[in-house]
2 protein chains.
Amino acid sequence: MVGSGWDDAQLPRLRRVGVVGTGLIGTSIGLALSAQGVEVLLRDADEAQVAIAAKMGAGHPWAGERVEHAIVATPLPTIPGEVRALARAGLADTVSDAGSVKVRPLVEGVQLGCDLSTWCPAHPIAGRERHGAVSARADLFAERVWAICPVPHTGAAALHATVALALACGATPVRTTPQRHDEAMATVSHVPQLVASALAGVLVGLSPGEVPLAGQGFRDTTRLADSDAELWAGIVEGNRGPIARRVRDLGSRLTALADVLDAAGADEVTAAVTRLMRDGHTGRALLPRKAGATARSWGWVGVVLDDRPGQLAAIVGLISAWDVNIEDVGPFEHSLDAPAGIVELAVDPAVADSLVDRLTSTGWTAYRRS
Amino acid sequence: MVGSGWDDAQLPRLRRVGVVGTGLIGTSIGLALSAQGVEVLLRDADEAQVAIAAKMGAGHPWAGERVEHAIVATPLPTIPGEVRALARAGLADTVSDAGSVKVRPLVEGVQLGCDLSTWCPAHPIAGRERHGAVSARADLFAERVWAICPVPHTGAAALHATVALALACGATPVRTTPQRHDEAMATVSHVPQLVASALAGVLVGLSPGEVPLAGQGFRDTTRLADSDAELWAGIVEGNRGPIARRVRDLGSRLTALADVLDAAGADEVTAAVTRLMRDGHTGRALLPRKAGATARSWGWVGVVLDDRPGQLAAIVGLISAWDVNIEDVGPFEHSLDAPAGIVELAVDPAVADSLVDRLTSTGWTAYRRS
């Protein structure tokens, strides 16, 4: 999909970009563009957020200068109004937005009289549980997809500027349509969000003694439930049609599964669950590997560290002294009560085994992670 | 809950333990116990798994020696038979098991004539997506809950040996009953597993161009869908009653939500989604912090590293030279194509700000993570 629908030679080199909405997404865009030498101008209804974003290096307060391209990264319901305001003030040659839903803001934009030829709808698919300018980071979009969702009215200049913006942020532009975007996002984002919240909410009904039985799997499955309620209420309302169909379908499938669990023989239950899980395996296997993960596959070496100062420095220094480059570091795994922890280090797979041998013979406890 | 229902002074010091089933769980138990100086004897229907486990240091092949305590860590449907076989052979003074479901194996065990006085049902709540002895690790149970599920028939010796085993593996023993365990696990483990698989399976129906729109949230929410289908079919069949009730309830709630999305006004939709998400927040807030996380709250300092050899060694060495202890390391966040990456280091919160200042004045790009 990359590059489809535009001529790379026609992509502009952006020099001055406006960002409306300096939350997590807008400020991260500002940081990424500023790192590329683009002049970034920032605007937000909350001037404190602009000040933080500017201090972080995401750009400068926008005093009304004209920009080549502006991106609207405000909450979903406010997007059409912000796009129209930019056009009325004549502040930007072209505009895109970062909304998680594409059809509804377009329809509302048409009703408001927005010029569709200069507005290319788009959606950088990245986020964190933390919000606001302070949570922004320049690499938020690295290796992420940036959905580019033009309509037939969208002019080439708006399309090209939006693609150039996505590329400048390190993202992979993927062209689709507003309708297809919203249908797909209902499946891969909006319904999982609602289900994660529903699963997490059930904890409230447990007795306090039962809650500790929730393990890492529960935490991962419900992580999305930490997302902002107000933001998500707007997203779900904005894409209610596609979401309703999928929520209803999932509800029916679960009810049918409950019928099998209640009434069927053991073999039939086993077959139904196995089928459900195998479909899940097939679905997961379709997920693209991260760009980086395909590019290189590291050898992981685990080392046991005593829980005292200087251990990490010692092991990293030793390995570097052996001219072995550490490509990545896994999180510490240790109990703070325990006398030792484990750190896993990624190295060239060709040297991983000999590194383990060398560490072991030097007195460290090391292993090759399978 | 820790310590409730047993007298710590009565806990035995285990010297010789048998492990039946040298997959991920059994081999990890062997590694943890061996690290504590316990003699561990290993048995598995698959002798290759025993050989791997032994080579990893989890213990030695079990040739029929009598042990003080044996733990059965085989697939759920085989547990009652293995418990009975141990008793018939007179191999162990007491027995526990590691099954994810507790009532069904007990009922089947009674039908097989197992001695309930020497068998304490238990369940270490830990796991990974990877399976088999090779994926085992000594710290798999560190800071994890080990559910101890005695029945009135359970003898004190079996209870005490099982608690001692859990503690020796670094886990937190939590006492409950088989019934309460199964009800709670249906909520926090079995239903989330089925839902994760159902969500992941929907990807199969997307067009190839839509799949890349799945972001990190989808990956996290569906991570459990990678679990072993055969293993899980047995677990779900073994706890079908409690699971069916919850699956039916979730199905009804989703159908009701779809009705709201289809027919209600915007305000009503917004209110329903907000309510669902706030309940999710409340549920997530009930999750205990990891034992280590409650004990200390670190200050996180991010540092931008050039993507060239020795950068991590340089920063870690520098910080150590300043007598600041690095308590934890976050995963590298970087694009492999980008010239820089970010590593986040946990330090005493009292020194985090001054560390950022010091790093900045030394020429590094550093920030305090909010």
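The structure presented is a predicted model; accordingly, all values stated were derived computationally and were not measured. (Residues numbered from 1 in each chain as written. Chains lettered and ligands numbered in written order. Predicted model: local features only at pLDDT ≥ 70, side-chain atom pairs only at ≥ 80, totals over all residues. Heavy atoms only, no water.)

**Considering the overall build of chain A**
So, step 1. Helices and strands together make up the secondary structure of chain A, namely 13 helices and 14 strands.
So, step 2. In chain A, buried positions account for 54% of the 370 residues.
So, step 3. Here chain A holds 33 positive side-chain charges and 41 negative ones, and the gap between their average locations is 4 Å. (Helix = DSSP H or I, 4+ residues; strand = E, 2+ residues; numbered from the N terminus. Buried < 20%, exposed > 50% of the residue type's maximum accessible area, 1.4 Å probe, protein only. Lys, Arg positive; Asp, Glu negative; His and termini not counted. Charge placed at Lys NZ, Arg CZ, Asp CG, Glu CD.)

**Side note on the relation of the copies chain A and chain B**
So, step 1. Rotating chain A by 179 degrees and moving it 0.1 Å along the rotation axis overlays it on chain B with an RMSD of 0.5 Å. Interpreted geometrically, this transformation is the action of a two-fold axis.
So, step 2. Comparing interface residues between copies, 98% of those in chain A also lie at the interface in chain B; the contact surface is shared. (Least-squares fit on C-alpha atoms with pLDDT ≥ 70 in both. Contact = heavy atoms within 4.5 Å.)

**Comments concerning the side chain of Thr222(B)**
So, step 1. Within the element layout of this structure, Thr222(B) appears in the loop between helix H7 (216–221) and helix H8 (229–238).
So, step 2. The class for Thr222(B) is buried, based on a relative accessible area of 0%.
So, step 3. Looking at Thr222(B), its side chain comes within polar contact range of the side chain of Arg284(A), at 3.0 Å.
So, step 4. Look past the residues within four positions of Thr222(B) in its chain and what remains in contact with it is Arg284(A), Ala196(B), Leu199(B) and Ala200(B). (Polar contact = N/O pair within 3.5 Å; in protein donor to acceptor, adjacent residues only side chain to side chain.)

**With respect to the pattern of salt bridges**
So, step 1. Tallied over the full model, the rule gives 32 salt bridges over all chains.
So, step 2. One salt bridge connects Glu237(A) with Arg240(A), and the closest N-O pair in it is separated by 2.9 Å.
So, step 3. The exposure class of Glu237(A) is buried, given its relative accessible area of 10%.
So, step 4. For Arg240(A), a relative accessible area of 16% translates into the label buried.
So, step 5. A salt bridge links Arg248(B) to Asp262(A); the shortest N-O distance between them is 2.9 Å. Taken together, the positions of Arg248(B) in helix H9 (residues 240–263) and Asp262(A) in helix H9 (residues 240–263) put the pair across two chains.
So, step 6. Take Asp262(A): its relative accessible area is 48%, and that puts it in the partly exposed class.
So, step 7. One connected set of salt bridges, linked through shared partners, spans Arg104(A), Glu108(A), Glu237(A) and Arg240(A). (Salt bridge = Lys/Arg side-chain N within 4 Å of Asp/Glu carboxyl O.)

**What about the domain arrangement of chain A?**
So, step 1. Domain assignment breaks chain A into domain 1 (8–176), domain 2 (182–260), domain 3 (264–288) and domain 4 (296–368).
So, step 2. Relative placement of domain 1 of chain A and domain 4 of chain A: their C-alpha centres are 42 Å apart. (Domains from an automatic or database assignment.)

**Considering the sheet that holds strand E7 (residues 122–124) of chain B**
Residue and element names in this part refer to chain B.
So, step 1. Read from one edge to the other, the open sheet built from three strands follows the order E7-E8-E9, with strand pairing classed as mixed. The sheet is open, and its two edges are formed by E7 and strand E9 (172–175), each paired on a single side. Looking at each pair of strands side by side, their axes are set apart by 20 degrees on average, direction ignored.
So, step 2. Pairing analysis gives four bridges linking strand E8 (residues 145–148) to E9, with the strands arranged parallel. Within E9, the position partnered with Trp 146 by the bridge is Pro 173. (Pairing = 2+ DSSP bridges. Axes fitted to C-alpha atoms, helices over the stretch in contact; angles between N-to-C directions.)

**Observations regarding the packing of aromatic side chains**
A ring pair, where both rings are aromatic, is described by two values, the distance of the centres and the angle of the planes.
Residues and elements named next belong to chain A.
So, step 1. Inspection of the entire model under this criterion finds two aromatic pairs over all chains.
So, step 2. With a centroid separation of 5.2 Å and 55 degrees between ring planes, the pair formed by Phe 141 and Trp 146 is classed as tilted.
So, step 3. Over the ring of Trp 62 we find Arg 43, and its NZ or CZ is 5.6 Å from the ring centre. (Phe/Tyr/Trp six-rings, centres within 6.5 Å; stacked < 30°, edge-to-face > 60°. Lys NZ or Arg CZ within 6 Å of the ring centre and 35° of its normal.)

**Structural notes on the side chain of Arg137(A)**
So, step 1. With respect to the helices, strands and loops of the structure, Arg137(A) is situated in the loop between strand E7 (122–124) and strand E8 (145–148).
So, step 2. In this structure the side chain of Arg137(A) is engaged in a polar contact, spanning 3.5 Å, whose partner is the side chain of Tyr367(B).

**Digging into helix H10 (residues 266–286) of chain B**
So, step 1. An ideal rise of 1.5 Å per residue puts 30 Å on 21 residues; H10(B) measures up with 31 Å between its terminal C-alpha atoms.
So, step 2. Those residues of H10(B) that sit buried are Val269(B), Ala272(B), Val273(B), Thr274(B), Leu276(B), Met277(B), Gly280(B), Gly283(B) and Arg284(B). (Expected span 1.5 Å × (residues − 1).)

**Things to note about H8(B)**
Residue pairs three or four apart in sequence face the same way in an α-helix, which turns once every 3.6 residues.
So, step 1. Counting buried positions along H8(B) yields eight of ten residues, so the element is predominantly enclosed.
So, step 2. The set of residues buried in H8(B) consists of Ala229(B), Trp232(B), Ala233(B), Gly234(B), Ile235(B), Val236(B), Glu237(B) and Gly238(B).
So, step 3. Each element contacted by the buried residues of H8(B) is listed here: H9 and helix H10 (266–286) of chain A together with helix H4 (103–112), helix H6 (178–201) and H9 of chain B.
So, step 4. Where H8(B) begins, one side-chain oxygen reaches toward the backbone nitrogen of Glu230(B), 3.4 Å away; that side chain belongs to Asp228(B).

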